[in-house]
Amino acid sequence: MNLGNCPRCGKLYALNFRDVCSNCIKEIELEYQTCVEYLRENKGTNIQELSDATDVSIKNITKFIREGRISIENAPNMMYPCEVCGTLIRDGHMCDSCRNRLTKDLAGAAREVGQKDNGSIGGRTYNAVDKLRDL
């Protein structure tokens, strides 16, 4: 039997598919039910209002949304923070600005690697080694 410490409460528990102890699983499910019931009654709420009204952290509400347990399709004001900058978004993990900056940075890094490869001997899949050059 594999044992571990629950990352949420610190208690020792038998490892399972949720990676938290059974007591914390029950607490998470109770938080989820509380959020769902509140959203049924208050369709125009935003994530901050939901968090304040239910005492469920924005982090946990965001996790419920990303897991697909809470649908924001019919909740026009429900948005969650971008993982990079915190700007409120409706889908994915990053806002468009952060995604574009990441894409640009990756393209620049790929160009740098390509330029370094072109400066080496061969610059192709198989490179020839000039053993006499280092002597």
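Residues numbered from 1 in each chain as written. Predicted model: local features only at pLDDT ≥ 70, side-chain atom pairs only at ≥ 80, totals over all residues. Heavy atoms only, no water.

1. Some points on the packing of aromatic side chains
Quick note on the threshold: Pairing of aromatic side chains here covers Phe, Tyr and the six-membered ring of Trp, requires ring centres within 6.5 Å, and sorts the geometry by plane angle: under 30 degrees stacked, over 60 edge-to-face, intermediate tilted. Counting from the N terminus, the helices are DSSP H or I runs at least four residues long and the strands are E runs at least two residues long. In this scheme, a residue with accessible area under 20% of its type's maximum is buried, one over 50% is exposed, and one in between is partly exposed, where area comes from a 1.4 Å probe on protein chains only. By definition, being over a ring means that NZ of Lys or CZ of Arg is both within 6 Å of the ring centre and within 35 degrees of the ring normal.
In total, this model carries one aromatic pair according to the counting rule given. Between Tyr-32 and Phe-64 the ring centres are 5.5 Å apart and the planes differ by 70 degrees, which places this aromatic pair in the edge-to-face class. Residue Tyr-32 is located in helix α1 (residues 22–41), and its partner Phe-64 is located in helix α3 (residues 58–66); the two are separated by 32 residues in the primary sequence. By relative accessible area, which is 14% here, Tyr-32 ends up buried. Judged by its relative accessible area of 2%, Phe-64 falls in the buried class. In this structure, Arg-69 packs its charged tip against the face of Tyr-32, placed 4.1 Å from the ring centre.

2. Let's talk about the pattern of salt bridges
Between side chains of opposite charge, pairing is possible as soon as their charged atoms come close. Worth spelling out the cut-off: Salt bridge, as applied in this entry: a Lys or Arg side-chain nitrogen positioned within 4 Å of an Asp or Glu carboxyl oxygen.
Counted by the stated rule, this structure contains seven salt bridges. Note that Arg-18 and Glu-29 form a salt bridge whose closest N and O atoms lie 3.4 Å from each other. With Arg-18 in the loop between β2 (12–14) and α1 and Glu-29 in helix α1, this pair connects stretches of sequence that are eleven residues apart. Residue classification places Glu-29 among the partly exposed positions, given a relative accessible area of 26%. For Arg-66, the salt bridge identified is with Glu-83, shortest N-O distance 3.0 Å. Taken together, the residues span a long stretch of sequence, with Arg-66 in helix α3 and Glu-83 in the loop between β3 (80–81) and β4 (88–89) at a distance of 17 residues. Classification of Glu-83 by relative accessible area gives exposed; the value is 52%. By sharing partners, the salt bridges in this structure join Arg-18, Glu-29, Glu-67 and Arg-69 into a single network.

3. Side note on the side chain of Asn-60
Following the sequence through the fold, Asn-60 ends up in helix α3. Asn-60 sits in the buried class, given a relative accessible area of 19%.

4. Some words on the confidence of the model for the chain
Put simply, the rule is: For every residue, the predictor states its confidence as a pLDDT score lying anywhere from 0 to 100.
On average, residues of the chain carry a pLDDT of 85, and 85% of them reach 70 or more. Across the chain, the element-wise mean pLDDT spans from 85 in helix α4 (residues 96–119) up to 95 in helix α2 (residues 47–54).

5. A word on the layout of surface pockets
Heads up, the condition is: Cavity: a set of points on a 1 Å grid over the protein atoms alone where a 1.4 Å probe fits but cannot get out. Pocket: an open set with protein on both sides within 12 Å along at least five of seven lines, its lining residues, like those of a cavity, having an atom within 4 Å of a point. Grid points are joined across faces, edges and corners, and a volume is the space filled by probe spheres set on the points. Classification convention: Asp, Glu, Lys, Arg as charged; Ala, Val, Leu, Ile, Met, Phe, Trp, Tyr, Cys, Pro as nonpolar; all other residues, Gly among them, as polar.
Its volume calculated, the largest pocket comes out at about 430 Å³. Lining the largest pocket are 16 residues; nearest its centre among them are Arg-8, Lys-59, Asn-60, Lys-63 and Glu-67. At seven residues, α3 tops the list of elements feeding residues into the lining of the largest pocket. Of the pockets and cavities examined, the second largest pocket occupies roughly 230 Å³. What lines the second largest pocket is Tyr-32, Val-36, Leu-39, Arg-40, Lys-43, Arg-69, Ile-70, Ser-71, Asn-74 and Ala-75. Of the residues contributing to the lining of the second largest pocket, the split by class is five nonpolar, two polar and three charged.

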